[in-house]
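Here are the chains, one letter per residue:
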Amino acid sequence: MKKNVSQMEWLLTSFFKTKLTKGENKMKIVKKISSILVAMSLLLGSNSFAADKFPSKYVEMTVLFGGTAKSVGQLVAKGLEKNLGANVVPVSRTGGGGAVGYKYIQSRPATGYDIVWNSNSVSTSHYKGRTSFNYKAFVPIAGMTTEVPVLAVKSGTFGSIKELAAYAKKNPGKVKVGISGKGSFTHLTSAIVFDAMGVKVKYIPYGKGKAPAELLAGRIDAAVQWPGQFRSFHKAGQLTMLAVTSPERIASDSSIPTMKELGYKKVDVVMWRGLAAKKGTPKAHIKALEAAAKKYAESAEFKAASKKIGFTINYLSASKFGKKIAADDKKIKKLMTNLGLSKK
């Protein structure tokens, strides 16, 4: 910038020091001034181009949850870093069912240097009254993954969904279903599953406790969580994963049937995760982030990680991701209203 300023000063000084020769008319003076202005615009233009380069510094990615969300988020940050050519730093900002992280992003400038590893929680946290803004306060960058919840029980209690449903029908309100918190995604998923069965159950928030531990201790009878939490216990014969909530079986646990296969065709619940930024972020910056996300989503590295950790790669462009978020928001609002959990 200093160099450009010096060049402009030289141009102006040169002009004003120039003496007009006899007979030099006004038209020639205008031409000289025009030449100076053109030179100045070129210099300023080159400087603006340098200033608009994105990213010109590190990008910070807010991660809303721990567990699988954190593990995959860290992988995505590294993938973006490789394709953006700048450091991408994942920072955990947990709490409030995602509200803490979302509020942080809203407190930051809309530049693209602060992004969030978001999920369906953008809607659940809003309708629970934890955020004053909804998904429209963000601009989508790219959808990246989906995770499928699974219903599990302690081995030796219920051998199938049919047995669990039959027992729950004979004993209304007796089956204790563990949830991570009222209005949480596991709560909403559980409500969809047991409503489809046509049974009444008792929901038990287990707070910071892990679902496997609560099941093994007998404090709850069933729980809906991510397969990764149950997998090792399932293989050891301590817990039994009865069914997943997606329309199709998942690759990481292909032996587990879907609720749809078992006759509950209306059960179709998955958790999507992706990237978003504050509304007002320059479109060019969003496009740069979207391109980097797409490249990583298609990489062999990410595909290998999905099999190891147990998530499904589901890349969506910014436009398609935005439509997905809007559609899910309507469903979540309706469900939370029916459950008496919506405060909006």
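Notes on the structure in this doc start here. In this text the structure is predicted, and so the values were computed from the model without any measurement.

Attention now goes to the overall build of the protein chain. When its secondary structure is counted, the protein chain shows 12 helices and 11 strands. Looking at the protein chain as a whole, 46% of its 344 residues qualify as buried. Counting only contacts in the protein chain whose residues sit at least 6 apart along the sequence, the fraction spanning at least 24 positions is 76%.

Let us look at the sheet that holds strand β1 (residues 59-63). The six strands lie next to each other as β2-β1-β3-β10-β4-β11, forming an open sheet whose pairing is mixed. Edge strands, defined here as strands with exactly one partner in the open sheet, are β2 (88-92) and β11 (312-316). Across this sheet, the average inter-strand angle for adjacent strands is 25°, counted without regard to direction. Against the sheet, helix α12 (residues 318-338) touches β3 (114-119), β4 (138-147), β10 (271-278) and β11, its axis set at about 80° to β4.

This paragraph deals with the sheet that holds strand β7 (residues 202-205). Read from one edge to the other, the open sheet built from five strands follows the order β7-β6-β8-β5-β9, with strand pairing classed as mixed. A single partner strand is all that each edge strand has here, and the edge strands are β7 and β9 (239-244). Strand-to-strand twist across the sheet, computed as the mean angle between neighbouring axes with direction ignored, equals 30°. When strand β6 (residues 176-179) meets strand β8 (residues 222-225), the two strands line up parallel, connected through two bridges. Each bridged residue has a counterpart across the sheet, and for Val177 the counterpart in β8 is Ala222. Its contacts with the sheet place helix α9 (residues 227-235) against β5 (150-154), β8 and β9, and it is angled at close to 135° to β9.

Counting buried positions along β4 gives nine out of 10 residues, so the element sits mostly inside the fold. One ladder, built from eight bridges, connects β4 with β10; its direction is antiparallel. Bridge pairing in β10 links Thr145 to Arg273. Pairing of β4 with β11 involves three bridges; the strand directions are antiparallel. By the bridge assignment for β11, Thr145 is matched with Ile313.

Before going further, it helps to examine helix α4 (residues 99-106). Listed in full, the buried residues belonging to α4 are Ala99, Gly101, Tyr102, Ile105 and Gln106. Down the axis, α4 shows its buried residues gathered within 165° of arc, on one side only. Turning to α4, the residues buried within the fold contact β1, β3, α5 (121-127), β4 and β10.

How each quantity is defined
- Residues numbered from 1 in each chain as written.
- Predicted model: local features only at pLDDT ≥ 70, side-chain atom pairs only at ≥ 80, totals over all residues.
- Heavy atoms only, no water.
- Helix = DSSP H or I, 4+ residues; strand = E, 2+ residues; numbered from the N terminus.
- Buried < 20%, exposed > 50% of the residue type's maximum accessible area, 1.4 Å probe, protein only.
- Contact = heavy atoms within 4.5 Å.
- Pairing = 2+ DSSP bridges.
- Axes fitted to C-alpha atoms, helices over the stretch in contact; angles between N-to-C directions.
- Arc of directions from axis to C-beta.

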